[in-house]
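These are the residues of each chain, in order.
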Amino acid sequence: GEDVEQSLFLSVREGDSSVINCTYTDSSSTYLYWYKQEPGAGLQLLTYIFSNMDMKQDQRLTVLLNKKDKHLSLRIADTQTGDSAIYFCAAHGSSNTGKLIFGQGTTLQVKP
Amino acid sequence: GAVVSQHPSWVICKSGTSVKIECRSLDFQATTMFWYRQFPKQSLMLMATSNEGSKATYEQGVEKDKFLINHASLTLSTLTVTSAHPEDSSFYICSARPGGRVGGELFFGEGSRLTVL
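Residues numbered from 1 in each chain as written. Chains lettered and ligands numbered in written order. Predicted model: local features only at pLDDT ≥ 70, side-chain atom pairs only at ≥ 80, totals over all residues. Heavy atoms only, no water.

Trainee: Before we go on, may I ask you to explain the overall build of chain B in this structure?
Mentor: Helices and strands together make up the secondary structure of chain B, namely zero helices and 11 strands. Here the C-alpha atoms of chain B give a radius of gyration of 13 Å, agreeing with the 13 Å that 2.2 N^0.38 yields for 117 residues. For chain B, the C-alpha atoms occupy an extent of roughly 40 × 25 × 20 Å along the three principal directions. In chain B, which comprises 117 residues, the proportion classed as buried is 51%. Excluding contacts between residues fewer than 6 apart, the proportion of contacts in chain B whose partners are at least 24 apart in sequence is 54%. Within chain B, the 10 negative side-chain charges are centred at a point lying 2 Å from the centre of the 11 positive side-chain charges. (Helix = DSSP H or I, 4+ residues; strand = E, 2+ residues; numbered from the N terminus. Rg over C-alpha atoms; globule rule 2.2 N^0.38 Å. Buried < 20%, exposed > 50% of the residue type's maximum accessible area, 1.4 Å probe, protein only. Contact = heavy atoms within 4.5 Å. Lys, Arg positive; Asp, Glu negative; His and termini not counted. Charge placed at Lys NZ, Arg CZ, Asp CG, Glu CD.)

Structure representation (structure tokens):
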């Protein structure tokens, strides 16, 4: 089945760019997602990218998709302390289901 | 945007009791909803896919008699943790996608934190 892997921790200084990386195994996943979770809260969808795209930009967020390497990244420009959270990468379990398989989550720590 | 609401947000119960968690899609119909479980500092684990009007599909290793799922209408799915034990303490999150579409945005509830004493 689908497997999604992320690095567990990233620490940056306020104002720097953050890059969170993710790899997945099922190349048939048509959509790939980035979610944000703040302590004690549910998940907030940040952005998603369709598999036929290489890049998607939304304000401070840039998603890059390398289908050949099955690699997804999320870049946060001008990182703020309010961006401190856990970021989850997610892919579909298989091409024809709606369920998502999540990575382990990357804890982003933003230092002032 | 679409809203998915869970109730209750927090629940504390005694060991051996059953707890019901509701997941509602507030402004759209969802033929399929998904139930996830999250342990502290861990990722989300898909427990089951809730199908309106039919039986839920459980992931491997999830006890269907322990975690009862009912999807009686297009806007409501319930997860009942039966005979709860301390190891069932966890953060339970549901999600749904408008119109049963496969792709596109998947909306998550706020989560329900269960603590079993």
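So, next bit.
Trainee: What's the story with the interface of chain B and chain A in this structure? I'm lost.
Mentor: Interfaces are often sized by the amount of accessible area the parts lose when they come together. Chain B puts 21 residues into the contact, and the matching count from chain A is 21 residues. Roughly 1,500 Å² is buried in total at the junction of chain B and chain A, and carbon and sulfur atoms are behind 60% of that figure. For the pair chain B and chain A, the interface holds zero salt bridges. Counting across the chain B and chain A interface gives four residue pairs in polar contact (both at pLDDT 80 or more). Of all elements in the fold, only strand S4 (32–38), strand S5 (44–51) and strand S9 (90–96) of chain B reach the threshold of two or more residues within the side of chain B that touches chain A. (Buried area = accessible area lost by both parts, 1.4 Å probe. Salt bridge = Lys/Arg side-chain N within 4 Å of Asp/Glu carboxyl O. Polar contact = N/O pair within 3.5 Å; in protein donor to acceptor, adjacent residues only side chain to side chain.)

Trainee: I tried to follow the sheet that holds strand S6 (residues 55–58) of chain A on my own but got confused; where do I start?
Mentor: Residue and element names in this part refer to chain A. Pairing in this open sheet of five strands is antiparallel, and the strands run S1-S3-S8-S7-S6 from one edge to the other. Each end of this open sheet is capped by a strand with a single partner; those strands are strand S1 (4–6) and S6. Taking each pair of neighbouring strands and ignoring which way they run, the sheet shows an average axis angle of 15°. Relative to strand S8 (residues 71–76), strand S7 (residues 61–66) is paired through six bridges, and the arrangement is antiparallel. Within S8, the position partnered with Leu64 by the bridge is Ser73. (Pairing = 2+ DSSP bridges. Axes fitted to C-alpha atoms, helices over the stretch in contact; angles between N-to-C directions.)

Trainee: Help me understand the environment of Phe102 of chain A, please; the structure alone is not making it clear to me.
Mentor: Within the fold, Phe102 of chain A resides in strand S10 (residues 100–102). Residues Phe102 of chain A and His92 of chain A, spaced 10 residues apart in sequence, show a C-alpha to C-alpha distance of 8.8 Å. Other than its neighbours up to four places away in sequence, Phe102 of chain A contacts Val4, Tyr35, Leu43, Phe88, Cys89 and Ala90 of chain A together with Tyr36, Ser43, Leu44 and Phe108 of chain B.

Trainee: Could you clarify how one ought to interpret the pairing of S6 of chain A in this entry?
Mentor: In summary, the side chains of a regular strand alternate between the two faces of the sheet. Residues and elements named next belong to chain A. Bridge count between S6 and S7: four bridges; the pairing is antiparallel. Within the sheet, the bridge partner assigned to Lys56 lies in S7 and is Val63. Adjacent in sequence and paired antiparallel, S6 and S7 are bridged by two residues, among which Gln59 carries a positive phi angle near 55°.

Trainee: Help me understand the state of the cysteines, please; the structure alone is not making it clear to me.
Mentor: Note: disulfide means a covalent bond formed between the sulfur atoms of two cysteine side chains. Counted according to the given criterion, the structure contains two disulfides over all chains. The disulfide that involves Cys22 of chain A links it to Cys89 of chain A, with 2.0 Å between the sulfurs. Because the torsion about its S-S bond is -65°, the bridge between Cys22 of chain A and Cys89 of chain A counts as left-handed. In this pair, Cys22 of chain A is assigned in strand S3 (residues 18–24) and Cys89 of chain A in strand S9 (residues 85–92), connecting sequence segments 67 residues apart. Here the two residues Cys22 of chain A and Cys89 of chain A agree in accessibility, since each one is buried. Cysteine Cys13 of chain B remains unbridged, with the sulfur of Cys94 of chain B as its closest cysteine sulfur at 19 Å. According to the relative accessible area criterion, Cys13 of chain B is buried, its value standing at 9%. (Disulfide = S-S within 2.5 Å.)

Trainee: When you look at the sheet that holds strand S7 (residues 67–73) of chain B in this model, what are you seeing that I'm missing?
Mentor: Adjacent strands of a sheet pair through backbone hydrogen bonds, lying either parallel or antiparallel. All names here are of chain B. Strand order in the open sheet formed by four strands is S1-S3-S8-S7, with antiparallel pairing between adjacent strands. Bordering the open sheet on either side are strand S1 (4–7) and S7, each of which pairs with just one other strand. Adjacent strand axes in the sheet meet at a mean angle of 15°, parallel and antiparallel pairs treated alike. The pairing of strand S3 (residues 19–25) with strand S8 (residues 76–81) spans six bridges and is antiparallel. Of the residues in S8, the one forming a bridge with Glu22 is Thr78.

Trainee: Just checking my understanding: could you explain the nonpolar core for this structure?
Mentor: One recurring pattern in soluble globular proteins: nonpolar side chains tend to sit buried together. Judged by nonpolar contacts, the single largest core of 26 residues is most densely connected at Val4, Trp35, Phe67, Ile69, Tyr92 and Leu114 of chain B. With 21 residues, the next largest nonpolar core counts Leu32, Leu72, Leu74 and Ile76 of chain A among its residues. (Core = buried A, V, L, I, M, F, W, Y, C linked by side-chain atoms within 4.5 Å.)

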